[in-house]
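Working through the structure, step by step
Below, each chain spelled out in residue letters.
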Amino acid sequence: MKVTEHLEKATRPLISFEIIPPLRGGDLKSLLGLIDDLMTCRPPFIDITSHAAEVVYDETPSGIERKVKRKRPGTLGVCALIQNKYNVDAVPHILCRGFTREETEDFLIELRYLGIENVLAVRGDDSGYQKPLRDGRSANHFASDLVAQVADMNGGKYVEAHLLDAQPSEFCIGVGGYPEKHFEAPNLEADVRWTKAKEEAGADYIVTQMFFDNRHYFRYVEACRAAGITIPIIPGLKIITSKKQLSSVPRTFFVDLPTALADEVMEAKKGHVADVGVEWALKQSEELLSSGVPSVHFYVMASSRAVLRVVKKLDV
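Parameters at a glance
- Residues numbered from 1 in each chain as written.
- Predicted model: local features only at pLDDT ≥ 70, side-chain atom pairs only at ≥ 80, totals over all residues.
- Heavy atoms only, no water.
- Helix = DSSP H or I, 4+ residues; strand = E, 2+ residues; numbered from the N terminus.
- Rg over C-alpha atoms; globule rule 2.2 N^0.38 Å.
- Buried < 20%, exposed > 50% of the residue type's maximum accessible area, 1.4 Å probe, protein only.
- Areas by Shrake-Rupley, 256 points an atom, 1.4 Å probe, with all protein chains shown as cover.
- Expected span 1.5 Å × (residues − 1).
- Arc of directions from axis to C-beta.
- Contact = heavy atoms within 4.5 Å.
- Axes fitted to C-alpha atoms, helices over the stretch in contact; angles between N-to-C directions.
- Parallel < 35°, antiparallel > 145°, perpendicular 65-115°, else oblique.
- Left-handed = near helix turned anticlockwise from the far one by under 90°.
- Nonpolar A, V, L, I, M, F, W, Y, C, P; charged D, E, K, R; others polar.
- Core = buried A, V, L, I, M, F, W, Y, C linked by side-chain atoms within 4.5 Å.
- Pairing = 2+ DSSP bridges.
- Phe/Tyr/Trp six-rings, centres within 6.5 Å; stacked < 30°, edge-to-face > 60°.

**Structural notes on the overall build of the protein**
A tally of regular secondary structure across the protein gives 11 helices and 10 strands. Taking 2.2 N^0.38 as the reference for a compact globule, 316 residues should give roughly 20 Å; the C-alpha atoms of the protein span a radius of gyration of 20 Å, in line with that estimate. The buried share of the protein, reckoned over its 316 residues, is 49%. Counting every atom, the protein has about 15,800 Å² of accessible surface; 50% of that belongs to carbon and sulfur.

**Examining helix 7 (residues 214-226)**
Over its 13 residues, helix 7 extends 18 Å from the first C-alpha to the last, a length consistent with the 18 Å expected when each residue adds 1.5 Å. For helix 7, the full list of buried residues reads N214, Y217, Y220, V221 and C224. The buried residues of helix 7 occupy an angular sector of 120° when projected down its axis, which confines them to one face. For helix 7, the exposed residues lying more than 90 degrees away from the buried face are R215, E222 and A226. The secondary structure elements touched by the buried residues of helix 7 are strand 7 (172-177), helix 6 (188-201), strand 8 (205-210), strand 9 (233-237) and helix 10 (273-290).

**As for the packing of helix 9 (residues 259-267) against helix 10**
One can describe the packing of helix 9 onto helix 10 by two numbers: an axis separation of 8 Å at closest approach and a directional angle of 155°. In this view, helix 9 runs roughly antiparallel relative to helix 10, as classed from their interaxial angle. Considering the relative orientation of helix 9 and helix 10, their crossing is right-handed. Residues A260, L261, E264 and V265 of helix 9 form the contact with helix 10, whose own contacting residues are V273, V276 and W280. Split into classes, the residues belonging to the contact of helix 9 with helix 10 amount to 6 nonpolar, no polar and 1 charged.

**Details of the nonpolar core**
For soluble globular proteins, nonpolar side chains are generally found buried alongside one another. With 64 residues, the main nonpolar core has F17, I19, I82 and F298 as its most contacted residues. Once you skip the residues sitting within four places of it in the chain, I82 turns out to touch I19, I35, I46, I48, N87, V88 and A90. Formed by 29 residues, the second largest nonpolar core is a distinct cluster that contains V3, L7, A52 and W280.

**Comments concerning the sheet that holds strand 1 (residues 14-19)**
In space, the 8 strands of this closed barrel follow the order 1-2-5-6-7-8-9-10, with parallel pairing throughout. With direction set aside, neighbouring strand axes in the sheet form an average angle of 30°. As paired strands, strand 6 (residues 118-122) and strand 7 are joined by 4 bridges and run parallel to one another. Of the residues in strand 7, the one forming a bridge with V119 is I173. Against the sheet, helix 11 (residues 305-313) engages strand 1 and strand 10 (295-301), with an angle of about 160° to strand 10.

**Concerning the packing of aromatic side chains**
For the structure shown, the criterion picks out 4 aromatic pairs. For the ring pair F183 and F254, a centre distance of 4.0 Å and an interplane angle of 10° mean the geometry is stacked. Residue F183 is found in the loop between strand 7 and helix 6, and its partner F254 is found in the loop between helix 8 (245-253) and helix 9; the two are separated by 71 residues along the sequence. A relative accessible area of 44% places F183 in the partly exposed class. Overall, the relative accessible area of 42% leaves F254 in the partly exposed class. With a centroid separation of 5.7 Å and 65° between ring planes, the pair formed by Y217 and F218 is classed as edge-to-face.

Right, dumping it as structure tokens:
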């Protein structure tokens, strides 16, 4: 079922999650254990991140060697696992950076054959690796370009234009939104215009970047609606579970942590940081749900303990 159909048919607030594939050659058992835990919350869909190749530097006897590696392959396999073993809709992320349009089309065809109906189209992080375009291949530069490619495929228009028997796909297309604006946007108004461009290209819904102050989300939704954006906007939340995240989260995701939250985390005794994060996320979730949001989306990554504590306390 499509994400938008889940939202339309829901008789209760929906809770969804985002997870990551294991590290290259990693243990699948831990991932299965994580998914088993999340299944207790009856999620209608689960997002699976995608990771392009990146530049790494290895120290060897002959000196420093530059290599290009994909640290976390496996998005397609995890999607198939979730869709078929757990009977939950998988939402794979598709990226501009690190993939050609032709590779994206191949991936979408494989998803279609697996019965996967949803994708989240994002530009992707700058990994330091610029993939060369050879043999006439092309690339999407912005998320709106990627959305347009998926929308074209939904209309039966493929990159390989000579495929006369190609069947239209039926993907539901999600995109990212940034309540505190994308770090490259000069201001929130400009960022909302870019979001509007993604909707006009064919996006069906928005999932926001994590935020820790609900005022950012409410202001963002208001700005989007004023700009004529009508598609659903799902809030994304992350639970702080360690003191090091006070620096790593703002540095990685370009978001602010409220002073009250940061102070509580800094003052928490060893072993109690997650308690602070859980209570903060619980209050955020309760306020969002009481305001009528269609769903709350949790960035889980690799551990379910904190998010399960939050969800079990919610009246869903």
